[in-house]
Amino acid sequence: MANPNKQRGLTLIELIVATTILLILSGMAVPLARVTIKRQREKELRAALWQLRDGIDRYNDAASRNAFQTKVGSEGYPPDLDTLVNGVDVAGKKLKFLRRIPIDPMTGGTDWGLRSMQDDPASDSWDGNNVFDVYTKSTGTALDGTKYKDW
């Protein structure tokens, strides 16, 4: 027969060991979660850049087909990103190229860096002539070691 006066429970050493194991496991989970979140933001950035560049290319294709008049010296590229959203009048109808300007997941805003045909590809300043390319204004580094603004 068991001794009824014997108490059951965990010793202090068992509690310390269990707590240590939990701390080690949670310490390994936090960096993994950070990498997963960063990877997801990078995926969203690639999608947003693709969407913007596709809108710019579709505008340029339509301008090349003379679907509408463009400003001289613009090389058929849009004057700004808002033109892609607001559209261009073509025979009484609006021809739109984007539904909205996507949010930059790295900066949290819709303020994208712009480059025109006349700009130096490595330049961070836009001369305001046309929008040939877009980039993020984030100064961060991707998981593969490249700068986000170079994507």
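What counts as what
Residues numbered from 1 in each chain as written. Predicted model: local features only at pLDDT ≥ 70, side-chain atom pairs only at ≥ 80, totals over all residues. Heavy atoms only, no water. Helix = DSSP H or I, 4+ residues; strand = E, 2+ residues; numbered from the N terminus. Rg over C-alpha atoms; globule rule 2.2 N^0.38 Å. Buried < 20%, exposed > 50% of the residue type's maximum accessible area, 1.4 Å probe, protein only. Contact = heavy atoms within 4.5 Å. Patch = residues over 30% accessible without salt bridge, like charges linked within 9 Å, V, L, I, M, F, W, Y side chains within 5 Å. Areas by Shrake-Rupley, 256 points an atom, 1.4 Å probe, with all protein chains shown as cover. Salt bridge = Lys/Arg side-chain N within 4 Å of Asp/Glu carboxyl O. Expected span 1.5 Å × (residues − 1). Core = buried A, V, L, I, M, F, W, Y, C linked by side-chain atoms within 4.5 Å. pLDDT = per-residue confidence, 0-100. Phe/Tyr/Trp six-rings, centres within 6.5 Å; stacked < 30°, edge-to-face > 60°. Lys NZ or Arg CZ within 6 Å of the ring centre and 35° of its normal.

S.K.: Help me understand the overall build of the chain in this model?
M.R.: Scanning the chain for helices and strands turns up 2 helices and 4 strands. In sequence order, the chain lays out its α and β elements as α-α-β-β-β-β. Over its C-alpha atoms the chain spans a radius of gyration of 27 Å, topping by over 25% the 15 Å that the globule rule assigns to 151 residues. Among the 151 residues that make up the chain, the fraction classed as buried is 30%. By sequence separation, contacts in the chain at least 24 residues apart represent 50% of the contacts at least 6 residues apart.

S.K.: Would you take a moment to explain a nonpolar patch on the surface for this structure?
M.R.: Taken together, the side chains of Ile 13, Val 17, Ile 21, Ile 24, Leu 25 and Met 28 present a nonpolar region at the surface, about 610 Å² in accessible area. Examined against the element boundaries, Val 17 turns out to sit in helix H1 (residues 12-64). Among the residues examined, Val 17 registers a relative accessible area of 43% and is labelled partly exposed.

S.K.: Where do I start with H1 in this structure?
M.R.: Given 3.6 residues per helical turn, the α-helix brings residues three or four places apart onto the same face. The end-to-end C-alpha distance of H1, which contains 53 residues, comes to 78 Å, matching closely the 78 Å that a straight helix rising 1.5 Å per residue would cover. When H1 is considered as a whole, its buried residues turn out to be Glu 42, Leu 45, Ala 48, Leu 49, Leu 52, Gly 55, Ile 56, Tyr 59, Asn 60, Ala 62 and Ala 63. Residues of H1 that are buried make contact with helix H2 (81-86), strand E1 (88-90), strand E2 (93-95) and strand E4 (133-135). Asn 66 sits one or two positions beyond H1 and adopts a positive phi of about 60 degrees.

S.K.: Could you clarify how one ought to interpret the nonpolar core in this entry?
M.R.: Nonpolar side chains in soluble globular proteins generally cluster together in the buried interior. Among the nonpolar cores identified, the biggest contains 24 residues, and Leu 52, Phe 68, Leu 81, Leu 84, Phe 97, Trp 112 and Val 134 are the most heavily contacted of them. Counting residues per element, the ones that place at least two in this core are H1 and H2. For this core, the element with the highest residue contribution is H1, accounting for 8 residues. Once you skip the residues sitting within four places of it in the chain, Trp 112 turns out to touch Leu 45, Ala 48, Leu 49, Leu 52, Leu 81, Ile 101, Pro 102, Ile 103, Asp 104, Tyr 135, Thr 136 and Lys 137.

S.K.: Looking at this structure, how should I read the confidence of the model for the chain?
M.R.: Of the residues in the chain, 95% reach a pLDDT of 70 or more, and the chain-wide mean stands at 89. Mean pLDDT across the elements of the chain ranges from a minimum in E1, with 89, to a maximum in H2, with 94.

S.K.: What is the right way to look at the pattern of salt bridges in this model?
M.R.: Should their charged atoms come close, side chains of opposite charge can pair. Evaluated as defined, the whole model comprises 6 salt bridges. For Arg 115, the salt bridge is made with Asp 133, and the minimal N-O distance between the two is 3.8 Å. Pair noted here: Arg 115 is in strand E3 (residues 113-115) and Asp 133 is in strand E4, with a separation of 18 residues, a long-range link. Like Arg 115, the residue Asp 133 is buried in the burial classification. Across the pair Asp 124 and Lys 149 runs a salt bridge whose closest N-O atoms are separated by 3.2 Å.

S.K.: Please explain unusual backbone geometry as it appears in this structure.
M.R.: Among all residues save glycine, negative phi is the norm, and among peptide bonds the norm is trans. With phi around 60 degrees, Asn 66 is a residue other than glycine that occupies positive phi space. Relative to the assigned elements, Asn 66 resides in the loop between H1 and H2. Residue Asn 66 is classed as exposed on the basis of its relative accessible area of 66%.

S.K.: When you look at the packing of aromatic side chains in this model, what are you seeing that I'm missing?
M.R.: By convention here, two paired aromatic rings are described through the distance between centres and the angle between planes. Across all of its chains, the model carries 5 aromatic pairs by this definition. Ring geometry for Tyr 148 versus Trp 151: centroids 5.2 Å apart, planes at 80 degrees, classification edge-to-face. Grouping residues by exposure puts Tyr 148 and Trp 151 together as buried. When the ring centre of Trp 151 is taken as origin, the NZ or CZ atom of Arg 46, which lies over that ring, is 3.9 Å away.

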